[in-house]
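Each chain, letter by letter, is given below.
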There are 2 protein chains.
Amino acid sequence: MRGAVLHAPGDVRVENRDDPRIEQPTDAIIRLSATCVCGSDLWPYRGIQKLAGPTAMGHEYVGVVEEVGSEVTGVRPGQFVVGSFWASDNTCELCRAGYQSACVHRVPMGDLGSQAEYLRVPLADGTLVATPEVPSADLIPSYLAASDVLGTGWFAAVAAEAGPGRTVAVVGDGAVGLLAVLAARQLGAERIIAMSRHESRQKLAREFGATDIVTERGEEGVARIKDLTNGLGAHSVVEAVGTQESMMQAVHSTRAGGHVGFVGVTHDVSLPGMEMFFSLVHLHGGPAPVRRFLPHLMELIGDRTIDPGKVFDLELPLEQAAEGYRAMDERRAVKTLLRP
Amino acid sequence: MRGAVLHAPGDVRVENRDDPRIEQPTDAIIRLSATCVCGSDLWPYRGIQKLAGPTAMGHEYVGVVEEVGSEVTGVRPGQFVVGSFWASDNTCELCRAGYQSACVHRVPMGDLGSQAEYLRVPLADGTLVATPEVPSADLIPSYLAASDVLGTGWFAAVAAEAGPGRTVAVVGDGAVGLLAVLAARQLGAERIIAMSRHESRQKLAREFGATDIVTERGEEGVARIKDLTNGLGAHSVVEAVGTQESMMQAVHSTRAGGHVGFVGVTHDVSLPGMEMFFSLVHLHGGPAPVRRFLPHLMELIGDRTIDPGKVFDLELPLEQAAEGYRAMDERRAVKTLLRP
């Protein structure tokens, strides 16, 4: 089959890879309907995260089940399925508590490379959620968003306790930040402040439910949030970038007793103890347990309550994956969908 | 009046200070029934926190109201009252949300020096809680504990979401850690693991409700907690020390999705972003909003459900405050009560 492989920073090639096959009786093989490039794929693409060698890329996926292992009973060939970037058994104590991204048997899907024609999905019964029927083509991007960026933005909004009567601020206007705006809206937040200086992203944030836009960054951005919240800060702040500046912007934008939900991968971030202490904020985040939210999110997509697929502003054939990476790296695209 | 003043590291003197007087119409003056030395008083005593000059010490207090300002309606002369180490109006938006330690009008009681015969309490209506009648003498230590260490330990246990079905681990066997054990028990925790290597403190932890004792520290302590929790870590972990080692011990002892409540003042602590991210823990803490819990805690003390006063293992006349500090500094005493 064809699949995207990163050979060195900036060097993505679509080439022949071995067809995946059932290795464990709990595996499924799916034929991908669509896949995409993640903001986190840009870390190795930019050379910030080191490569051990040529690496099959991608961890987001939707597709049709081709084949299942002998122990798989939850999904069957022909079904359209969505899974998250962690394969999880969905039965261990941590899964049952809603932390499937910490499942004791978890497998990182990034090791398997979903930017390809076919994908092996371990722990298929726990990992995959099927739609009632194969969805119409226009819904595919939204289901694909559920695989990671929607689920991650949703987790961030839940971690930040977005909800009725709360003012939510979102730091980061990438796909995850924008979908955290959508999530906050669905969760009933009263006021949603998107922090963005890009006009097209501001527009999408408003479509997703943002009531206010703040263009300032860092401590100036914090001051604007304070202005909008009686000097107290927001109740709920989503951090969806992962830099020192954005984390501190999020913490400082939150009122005492408020909640920070952080999902930006915190490379080189260090949180000063005394500031965290005196901030009196709640902090929660990490690799999103997308699986917890998938059934609900897939329902909202299926009945067209939400349209998270709008974050894909570039669609390319898988063969042009390299251009998909470039466009995101240069911030010409929010998120690239690839069609195998 | 007589009061304790820190002149330099290690140099506490009880000397004549000006009698406090009503300065604002919202003030009250109380005659102290008892006061005490806090673990946090040891920071300047040890020279870790710098002094600007001779400093009146103390922020924990119980006493009888002597006089109130013209706008005070909630307490009256003759009443026995307890307050927290932050004076707070108890009416602002943050107070109403339960974060009186971040009250927009808050005043640090440490600036007023409660290790003395009399104390001015700002925002008396918001700050002070009166008992139905003047309590019997044997209850005074427990009410005094409510002023800080009990309220702080309780907040830590609440922040860590101690409750039914949860395993709670407590890092730190000072007064706050020991009272976090008591709080976890009252909150219905199933299993309470106290981390302590001091026999007398272990004994008190057991009296307060600890079901297990772990004597190992650092990563060995973490390994023991994992052993006791199916390899997953505790649901709830209280951090009541405030060092880098104790914070990381707390984070690493917590399962994914679990809660760390931290109340040790985090001098020189820095939380590594990637570890916080992949830990998937909830983190909440800071200066405890003791006022939130005071009415409930005072009820539990009044009806003798709890006996937090047991943490005072040294009682001295105020005039011997210097020995009270020394005993705590040398860890000969858990906590010193001073009688003016």
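Residues numbered from 1 in each chain as written. Chains lettered and ligands numbered in written order. Predicted model: local features only at pLDDT ≥ 70, side-chain atom pairs only at ≥ 80, totals over all residues. Heavy atoms only, no water.

Identification of chain A as Threonine dehydrogenase from Micromonospora echinospora is taken from an unreviewed UniProt entry. Per UniProt, chain A has the following entry under Sequence similarities (unreviewed entry): "Belongs to the zinc-containing alcohol dehydrogenase family." Entered under Cofactor (unreviewed entry) in the UniProt record, the comment concerning chain A runs "Zn(2+)". (UniProt positions renumbered as here; feature names shortened; annotations may be inferred.)

Participant: I would appreciate a short explanation of the sheet that holds strand β1 (residues 2-8) of chain A in the present structure.
Facilitator: Pairing between sheet strands relies on hydrogen bonds along the backbone, with the strands arranged either parallel or antiparallel. Residues and elements named next belong to chain A. One open sheet accounts for 3 strands, arranged β2-β1-β4; its pairing is antiparallel. Lying at the two open borders of the sheet, with one neighbouring strand each, are β2 (11-16) and β4 (55-56). In this structure, β1 lies alongside β2, joined through 6 bridges in antiparallel fashion. Paired with Arg 2 across the bridge in β2 is Asn 16. (Pairing = 2+ DSSP bridges. Helix = DSSP H or I, 4+ residues; strand = E, 2+ residues; numbered from the N terminus.)

Participant: Could you clarify how one ought to interpret unusual backbone geometry in this entry?
Facilitator: Negative phi is the rule for most residues except glycine; trans is the rule for most peptide bonds. Phi is positive for A:Asn230, close to 55°, though the residue is something other than glycine. Along the polypeptide, A:Asn230 turns up in the loop between α8 (218-228) and β14 (234-239). Its identity is not glycine, yet B:Leu123 carries a phi of approximately 50°, on the positive side. Along the chain, the position of B:Leu123 falls in the loop between β9 (118-121) and α3 (124-127). Classification of B:Leu123 as buried rests on a relative accessible area of 18%. (Buried < 20%, exposed > 50% of the residue type's maximum accessible area, 1.4 Å probe, protein only.)

Participant: Where do I start with the interface of chain A and chain B in this structure?
Facilitator: Where interface size is given, it is often the accessible area lost as the parts come together that is meant. Residue-level contacts link 36 residues of chain A with 36 residues of chain B. Both sides of the chain A and chain B interface together cover about 3000 Å² of buried area, and 70% of this is carbon and sulfur. In this assembly, chain A and chain B are joined by 2 salt bridges. One salt bridge connects A:Arg255 with B:Glu93, and the closest N-O pair in it is separated by 2.8 Å. Seen at the junction of chain A and chain B, the total is 13 residue pairs in polar contact (both at pLDDT 80 or more). Sorting elements by how many residues they give to the side of chain A that touches chain B places helix α10 (residues 273-279) of chain A first, with 5 residues. (Contact = heavy atoms within 4.5 Å. Buried area = accessible area lost by both parts, 1.4 Å probe. Salt bridge = Lys/Arg side-chain N within 4 Å of Asp/Glu carboxyl O. Polar contact = N/O pair within 3.5 Å; in protein donor to acceptor, adjacent residues only side chain to side chain.)

Participant: Explain the pairing of strand β19 (residues 336-339) of chain B to me, please; I cannot follow it from the model alone.
Facilitator: If a strand is regular, its side chains alternate between the two faces of the sheet. Residues and elements named next belong to chain B. As judged from the 2 bridges shared by strand β3 (residues 28-36) and β19, these two strands associate in the antiparallel manner. Bridge assignment links Cys 36 to a residue of β19, and that residue is Leu 337. Note: strand β18 (residues 314-317) against β19, 4 bridges, orientation parallel. Pairing of Pro 317 across the sheet is with Arg 339, part of β19. Handedness of the β-α-β unit built from β18, helix α12 (residues 321-329) and β19 comes out right-handed. (Right-handed = clockwise from strand over helix to strand, strands pointing away.)

Participant: Is there a simple way to think about the environment of B:Glu60 in this case?
Facilitator: Residues and elements named next belong to chain B. Tracing the chain through its elements places Glu 60 in the loop between β4 (55-56) and β5 (61-68). Owing to a relative accessible area of 0%, Glu 60 belongs among the buried residues under this scheme. Once residues lying within four places of it in the same chain are set aside, the contact partners of Glu 60 are Thr 35, Cys 36, Val 37, Cys 38, Ser 114, Leu 144, Ser 147, Asp 148, Val 149 and Lys 335. There is a polar contact of 3.5 Å between the side chain of Glu 60 and the backbone nitrogen of Cys 38.

Participant: So what exactly am I meant to see when it comes to the domain arrangement of chain A here?
Facilitator: Residues and elements named next belong to chain A. Under the domain assignment, chain A is made up of domain 1 (2-148 + 289-339) and domain 2 (150-285). Taking the mean C-alpha position of each, domain 1 and domain 2 sit 26 Å from one another. Counting residues at the interface gives 25 residues for domain 1, matched by 21 residues for domain 2. Note on domain 1 versus domain 2: buried area summed over both sides is about 1900 Å², and carbon and sulfur give 69% of it. The largest per-residue losses of area from domain 1 upon contact with domain 2 belong to Trp 43, Arg 331 and Val 334, which jointly make up 26% of the total buried on that side. Linking domain 1 with domain 2 are 2 salt bridges, by the criterion used here. Of the charged contacts in the structure, one is a salt bridge between Glu 207 and Lys 310, with a shortest N-O distance of 2.8 Å. Mapped onto the side of domain 1 that touches domain 2, the elements with two or more residues apiece are α4 (140-146) and α11 (290-302). When residues in the side of domain 1 that touches domain 2 are grouped by element, the largest group, 7 residues, is from α11. (Domains from an automatic or database assignment.)

Participant: It is not clear to me how the sheet that holds strand β13 (residues 212-214) of chain B should be interpreted in this structure. Could you clarify?
Facilitator: Spatial ordering of the open sheet is given by β13(A)-β12(A)-β11(A)-β14(A)-β15(A)-β17(A)-β17(B)-β15(B)-β14(B)-β11(B)-β12(B)-β13(B), a layout of 12 strands whose pairing is mixed. Sheet topology places β13 (212-214) of chain A together with β13 of chain B at the edges, where each strand pairs with a single neighbour. On average, each strand axis in the sheet is inclined to that of its neighbour by 20°, with strand direction left out of account. Note that strand β15 (residues 254-262) of chain A and strand β17 (residues 282-285) of chain A share 4 bridges and pair parallel. Residue pairing across strands places A:Gly261 opposite A:His284, the latter belonging to β17(A). Against the sheet, helix α5 (residues 149-159) of chain A makes contact with β14, β15 and β17 of chain A, and its axis sits at roughly 160° relative to β15(A), the strand it touches most. (Axes fitted to C-alpha atoms, helices over the stretch in contact; angles between N-to-C directions.)

Participant: Can you help me understand the pattern of salt bridges in this one?
Facilitator: Residue and element names in this part refer to chain A. Applying the stated criterion to the full structure yields 40 salt bridges over all chains. Across the pair Asp 138 and Arg 304 runs a salt bridge, and its minimum N-O distance is 2.8 Å. Residue Asp 138 is located in the loop between β10 (129-130) and α4, and its partner Arg 304 is located in the loop between α11 and β18 (314-317); the two are separated by 166 residues in the primary sequence. Taking the relative accessible area as the measure of exposure, Arg 304 reaches 49% and is therefore partly exposed. When salt bridges with common partners are traced through the structure, they connect Glu 323, Arg 326, Glu 330 and Arg 332 into a single cluster.

Participant: Whenever I open this one, the side chain of A:Thr127 confuses me. Can you help?
Facilitator: Residue and element names in this part refer to chain A. Relative to the assigned elements, Thr 127 resides in helix α3 (residues 124-127). One polar contact links the side chain of Thr 127 to the main-chain amide nitrogen of Ser 88, over a distance of 3.0 Å. Separated by 2.8 Å, the side chain of Thr 127 and the backbone oxygen of Leu 123 make a polar contact. Setting aside anything within four residues of it in sequence, one finds Thr 127 in contact with Tyr 61, Val 82, Gly 83, Ser 84, Trp 86, Ala 87, Ser 88, Val 121, Pro 122, Arg 291 and Leu 294.

Participant: Just checking my understanding: could you explain empty space enclosed by the protein for this structure?
Facilitator: Left-over empty space is what a probe sized like a water molecule reveals as it rolls over the atoms. Taken as a whole and judged by the stated rule, the model has 2 cavities of 30 Å³ or more. Around the largest cavity sit B:Val170, B:Gly172, B:Asp173, B:Gly177, B:Leu178, B:Val181, B:Ala194, B:Met195, B:Ser196 and B:Ala205, which together line it. If you list the elements that add at least two residues to the lining of the largest cavity, you get α6 (175-186) and β12 (191-195) of chain B. Among the elements that make up the lining of the largest cavity, the one with the highest residue count is α6(B) (3 residues). Across the lining of the largest cavity, the residue classes break down as 6 nonpolar, 3 polar and 1 charged. Every residue lining the second largest cavity is listed: A:Val170, A:Gly172, A:Asp173, A:Gly177, A:Leu178, A:Val181, A:Ala194, A:Met195 and A:Ala205. Of all the secondary-structure elements, those providing two or more residues to the lining of the second largest cavity are α6 (175-186) and β12 (191-195) of chain A. Here the lining of the second largest cavity takes 3 residues from α6(A), the largest share from any one element. For the lining of the second largest cavity, the residue count by class is 6 nonpolar, 2 polar and 1 charged. (1 Å grid on protein atoms, 1.4 Å probe; cavity = no way out; pocket = protein on both sides within 12 Å on 5 of 7 lines; lining within 4 Å. Points joined across faces, edges and corners; volume = space filled by probe spheres on them. Nonpolar A, V, L, I, M, F, W, Y, C, P; charged D, E, K, R; others polar.)

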